[in-house]
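As a plain string of letters, each chain reads:
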Amino acid sequence: MEFEVLGPLRVVDGGVDHEIRRGIPRVLLTALAIRAPEMVNASTLMELAWGDDQPRNPANALQIQISYLRKALTTGGADGVQPIVTRPGGYALEVDVDDVDALRFEALVEATVPIELVETQLDALEGLRALDEALALWRGDALEDVRDHPFATGTAARLDEMRWGACEQRCDTLLALGRHMEAIGGLTSLVSEQPLRERFHEQLILALYRSGRQADALRAYESARMILVDELGLDPGPALQQLERDVLAQEPSLDWQPLAGPASDTTVPTAVWRQNFVPAPVTGLIGREEELQRVGELLDRSRLVTLTGPGGAGKTRLAIDLAGQAQTEGSVLYVDFSPIDLAELVGPTVAAALGTTIGPGDDPVEVVASSLATEQGLLVVDTCEHVLPGVAALVSAVLRRAPAVRVLATSRRPLAVAGETAWPVPPLGVAAPDTESFEVLAAAPAVQLFCERAQAVRPDFELNRDNAADVANICLALDGLPLAIELAAARADVLTPDATLERLHDRFDLLVEGAADAAERQQTLRGAIDWSVDLLTAEQRRFFARLGSFSGGFDLEAVEYVASEADEDALALLSALVRHSMVVPDGPGRHRLLDTVRAYAEELLAGLDADATRRRHAEFFTGLAERLERVIRGPDQAQALRRLRADIPNLRAAIEWSLAVGDLDLAARLAGSLAWFWILDGRLDVADRHLRRAATIGGVPPAIRAKVLGGYALLAAGLGNLDEALTAARSGTDQAREAGDDTAIGFGLNATAVALWALGDLDAAAVAHDEAIDRYVAAGDAWGEAVCRVLRARTALDAHDPEGEDRLRDALLAARRCGDAHVEGIALGLLAEAEGRQGRTDAAVATAAESLRLHESIGYTEGTVASLRVLARLHRDAGEPAAAHEVLLRSLRLAWKMQHLAAICESLEELARLAMDSGDPERARVLLVVAEAERLRHDLPLRSQDQPQIDELRAALEEGEGRFRLPVPELSETVSTVLR
């Protein structure tokens, strides 16, 4: 049984930890351990446990505590052996000195020969091994659990002093052996931990000088001088000042003098793996069960797995937990490279962690690889990106020379070593705030992490239905990056989630309070990205900054136009940023910057050439929209729609920038080219915001303005603003006539006809469509002709024109010729209605289903809503109310999402008819009243063919009730109730 007090108290028996309660039990056990195997008086133990606040019967209380400790330490069941024994007058921990780490540490250090008395290299190597073994026992502060107790203060201080003295002696030994570069790695950390200890500064200066780095040695002296002056108000001591003078003079006495004996052993000593040399996590790992399993499987198949990802993705934490799991299976060594800054220090750092000796002239990498040749276990190398060449060389050698050793690395870019499996660490899962239930939001790993860290600074923090969406939005805005989420949660003691969300536009100033014991790069969000950007070349940094002009994803074509200069290789630069984890995949052939990384790039861009880059961005996406405007009206429609949908954030950003800088021609061109896409895609809110602004732009060419006004007219009609739609459509038609462009005239007339049809003026709509068809035929525009023929047939059917069905069949042929799935879908929807009126229900259902399939295949939401409504009517007429109700709910949900008021009203009216059929007149009355109120508010007339059914419903309701109940419920409240 081993007792460890050089850190938090730990009792280990055969690899199994014995849990000891905090408080008095740990005080008593620590007091017995540091005096083992000597007896400690019972009165002394009582004083240590309770001080002046003694219990009524302290002897009995002590016996109770000792009894607990004996049970906690017993091995082999109730009759097993336990180490606390009773002696006359007190108790003792009856164990060997080597079983208590503090006592073993003292024994090892005291047995080490001072370096000034060492005469041979073999003696120095023996001393180094003993010191490495002694220092490896430390896991934290001495007597960490009881350090503030008076009895432990002196002992802890003595052990601390011995520790730093042992570190000094170890560095002296390395310097005596000529292992100067290895000494630099350790001394860099020691100087940081003990900045006022002049001896460490002296050793670092000497190691740098002997490594041929005189300038660095002098800088190290100046750094030491400034620290001592700032902290103590004192100049360096005589020894340190003399050392500076000797370095300046290049005194021969500073040169290394080899010790007597062979330079090194004839064989490389086998490494002694340090068991349990893995940092202990201080918080639970959240939401990484799948990742742990996946990487574990990769390690079973591949001897080198590198966890990659941007700063703050959680690579190190995942590696630590994987290493902890591996400890139960064999030897594990964890090496953190963050303290070093030179690739040549990688080998010495790993060798030091292994306890492997490197002689003068030896290659540290080969020594490490040879020492592991017969070993079996897992080598974890953490934070490799800044010393990548050194890590790659070491790992490659280990893989070649040590076939039973596996390597797990963490790096912001792959090591590029043969046999490597690079696995990007994914962000934590984030639920969509606007679509998920509270239970789903609460179960999202990113949300759970936020809550746990928030409760650490504000114990009463609780996730509830009021703040869950805000927390989810915070996690979404921070890309699910664990570090960013933890930094945001750390503000919970001052800011509510909604306040934190509002301030994320200044995320680099907001997210700055990481754990004090974390690495500097992990204490602020900016620091995490600074670390990555500092690893880029000047050309890569400039290219990265220009990527900040993109919103959302991008492909190589866009990157070449926007972000790279004429003589730059955009593919090579993009590939480099992907390997640095600065750019992440965003679908086939596309990439993007995480939002936080993009915010950083935007800051860099502001100091570079932001205006010129953003102009190239706007020009590229305007050209893209113009190029795809006609493609989305033909057989390649689906592919073009996917491309435009992928670039919606970029298209919106391009319009916003163009309007902001006053480039109205560019803004109008882009808005006009996107008008049909926005309507086809169901993004009426986005279209309204941008097309409304673009419609006010004057001074642009008539053809461009005609396109904008025509698009805005179709949009306004969809939103129910029919008078506004008619005005815009007629104005657009006038502009098109001025330009003499038949296609533009046809587009304007079509928009005019749509508005007139919605207003119920079927005759005028027919006249406008007839001229539109003529204009499109004259222009040779098959798509425009097909659209107008289909809508002209709709008007004829609504007007009960005997030629309506013939028109519709001709229109369907024209739609199929042009290859536009959405136009064909509209025609099939009209045909299904006609077949239904003729009693051909089976054929009508099949036709409506095909219409729905076509609309869904291209994501045409408005058409999907219309087809669903036709299907619902057919189900109702066929006596299938349940099927009709289910289809109508889906139709209403989509209509509400796109805020298509006419479609919302039609869905509510159909649901009212179903409610009346099912014997629920009260529900039918509410739905009908809300729909009628909305039609009245926005002047939305009923389709003529729907009027008879609605009149029949109203009459039935008035006959049963006599009047409609007031007040009228709100539309949003009604829709929400129905959809629930």
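Attention in this report is confined to the structure presented alongside it.

Here the focus is the overall build of the chain. Helix and strand content of the chain: 45 helices and 14 strands. Taking 30 Å as the expected radius of gyration for a compact globule of 980 residues, we find that the chain reaches 38 Å, considerably beyond that expectation. Here the chain, with 980 residues, has 53% of them falling under the buried criterion. In the chain, 69% of the contacts between residues at least 6 apart in sequence involve partners at least 24 apart. Only carbon and sulfur atoms are counted for the fraction: they give 50% of the accessible area of the chain, which is about 42,000 Å². Computed over 97 positive and 154 negative side-chain charges, the inter-centroid distance for the chain is 4 Å.

What follows is about the packing of aromatic side chains. Within this structure, the stated rule accounts for nine aromatic pairs. When the centroid spacing of 6.3 Å and the interplanar angle of 80° are considered together, the rings of tryptophan 164 and phenylalanine 200 count as edge-to-face. With a gap of 36 residues between them, tryptophan 164 in helix α6 (residues 150–176) and phenylalanine 200 in helix α8 (residues 198–210) connect regions that are remote in the sequence. Here tryptophan 164 and phenylalanine 200 have matching classes, each one buried. Note on phenylalanine 550 and phenylalanine 554: the rings are 4.8 Å apart at their centroids and 45° apart in plane angle, and the pair reads as tilted. Exposure remark for phenylalanine 550: the relative accessible area of 1% places this residue in the buried category. Taking the relative accessible area as the measure of exposure, phenylalanine 554 reaches 1% and is therefore buried.

The residue after alanine 36, namely proline 37, is reached through a cis peptide bond having omega 0°. In this structure, proline 37 sits in the loop between α1 (24–34) and β4 (39–41). One non-glycine residue, threonine 383, lies in positive phi territory at about 60°. In this fold, threonine 383 is placed in the loop between β9 (377–382) and α15 (388–401). With relative accessibility at 3%, the residue threonine 383 sits in the buried group.

Here we take up the pattern of salt bridges. For the coordinates displayed, the defined rule picks out 69 salt bridges. One salt bridge connects arginine 219 with aspartate 216, and the closest N-O pair in it is separated by 2.3 Å. On the criterion of helical spacing, the pair formed by arginine 219 and aspartate 216 is a turn pair, its members being three residues apart in helix α9 (residues 214–232). Accessibility expressed as a relative area gives 22% for aspartate 216, which makes it partly exposed. Here arginine 453 makes a salt bridge to glutamate 452, at a shortest N to O gap of 2.3 Å. What makes arginine 453 buried here is its relative accessible area of 12%. Looking at glutamate 452, the relative accessible area reads 33%, which means it is partly exposed. Through salt bridges with shared partners, a single ionic network connects Asp555, Glu557, Arg590, Arg627, Arg643 and Asp647.

Turning our attention to the sheet that holds strand β11 (residues 420–424). Within the open sheet, the five strands sit side by side as β8-β9-β10-β7-β11. Their pairing is parallel. Looking at which strands have only one partner, the edges of the open sheet turn out to be β8 (331–336) and β11. Taken over all neighbouring pairs, the strand axes of this sheet differ in orientation by 15° on average, direction set aside.

Along an α-helix, residues three or four positions apart point the same way, because every turn accommodates 3.6 residues. Relative to the 20 Å expected for 14 residues at 1.5 Å per residue, α15 spans 20 Å between its end C-alpha atoms, a close match to the ideal helical length. Of all the residues in α15, the buried ones are Leu388, Gly390, Val391, Ala392, Leu394, Val395, Ala397, Val398 and Leu399. Against β7 (304–308), α13 (346–354), α14 (364–371), β9 and β10 (405–410) lie the buried residues of α15.

Here we come to the sheet that holds strand β3 (residues 16–18). If you trace the three strands from one edge of the open sheet to the other, you get β1-β2-β3, paired in antiparallel fashion. Both edges of this open sheet fall to β1 (2–4) and β3, since each of them pairs with a single strand only. Put simply, the sheet's adjacent strands are angled 30° from each other on average, direction ignored. Here strand β2 (residues 10–13) runs beside β3; their pairing, made up of three bridges, is antiparallel. Counterpart to valine 12 in the pairing with β3 is aspartate 17.

Taken N-terminus to C-terminus, the directions of helix α29 (residues 648–661) and helix α31 (residues 684–695) make an angle of 25°; their axes are 11 Å apart at the nearest point. In terms of orientation, α29 and α31 fall into the roughly parallel class. As α29 packs across α31, the resulting crossing turns out to be left-handed. Residues Arg652, Ile655, Glu656 and Leu659 of α29 form the contact with α31, whose participating residues are Val686, Arg689, His690 and Arg693. Split by residue class, the contact of α29 with α31 holds three nonpolar, one polar and four charged.

So, on to the side chain of arginine 170. Note on placement: arginine 170 falls in helix α6. Looking at arginine 170, the relative accessible area reads 12%, which means it is buried. In contact with arginine 170, not counting residues within four places along its chain, are Leu128, Leu131, Asp132, Leu135, Glu182 and Ala352.

Our focus in this paragraph is the environment of glycine 718. Note that glycine 718 resides in helix α32 (residues 702–718). By relative accessible area, glycine 718 is classed as buried at 8%. Linking glycine 718 and alanine 758, residues 40 residues apart in sequence, is a C-alpha distance of 9.3 Å. Not counting chain neighbours up to four residues away, the residues in contact with glycine 718 comprise Leu684, His900 and Leu901.

The side-chain alternation of strand β6 (residues 90–93) yields two buried faces, one formed by Gly90 and Ala92 and the other by Tyr91 and Leu93. Bridge analysis of β4 against β6 gives three bridges, and the strand direction is antiparallel. Bridge pairing in β6 links asparagine 41 to glycine 90. Taken together, the four bridges between strand β5 (residues 84–87) and β6 define a ladder with antiparallel strand orientation. Looking across to β6, one finds that threonine 86 is bridged to tyrosine 91. Counted between consecutive antiparallel strands, the loop separating β5 from β6 contains two residues, among which glycine 89 sits at a positive phi close to 90°.

Rules used in this analysis
Residues numbered from 1 in each chain as written. Predicted model: local features only at pLDDT ≥ 70, side-chain atom pairs only at ≥ 80, totals over all residues. Heavy atoms only, no water. Helix = DSSP H or I, 4+ residues; strand = E, 2+ residues; numbered from the N terminus. Rg over C-alpha atoms; globule rule 2.2 N^0.38 Å. Buried < 20%, exposed > 50% of the residue type's maximum accessible area, 1.4 Å probe, protein only. Contact = heavy atoms within 4.5 Å. Areas by Shrake-Rupley, 256 points an atom, 1.4 Å probe, with all protein chains shown as cover. Lys, Arg positive; Asp, Glu negative; His and termini not counted. Charge placed at Lys NZ, Arg CZ, Asp CG, Glu CD. Phe/Tyr/Trp six-rings, centres within 6.5 Å; stacked < 30°, edge-to-face > 60°. Salt bridge = Lys/Arg side-chain N within 4 Å of Asp/Glu carboxyl O. Pairing = 2+ DSSP bridges. Axes fitted to C-alpha atoms, helices over the stretch in contact; angles between N-to-C directions. Expected span 1.5 Å × (residues − 1). Parallel < 35°, antiparallel > 145°, perpendicular 65-115°, else oblique. Left-handed = near helix turned anticlockwise from the far one by under 90°. Nonpolar A, V, L, I, M, F, W, Y, C, P; charged D, E, K, R; others polar.

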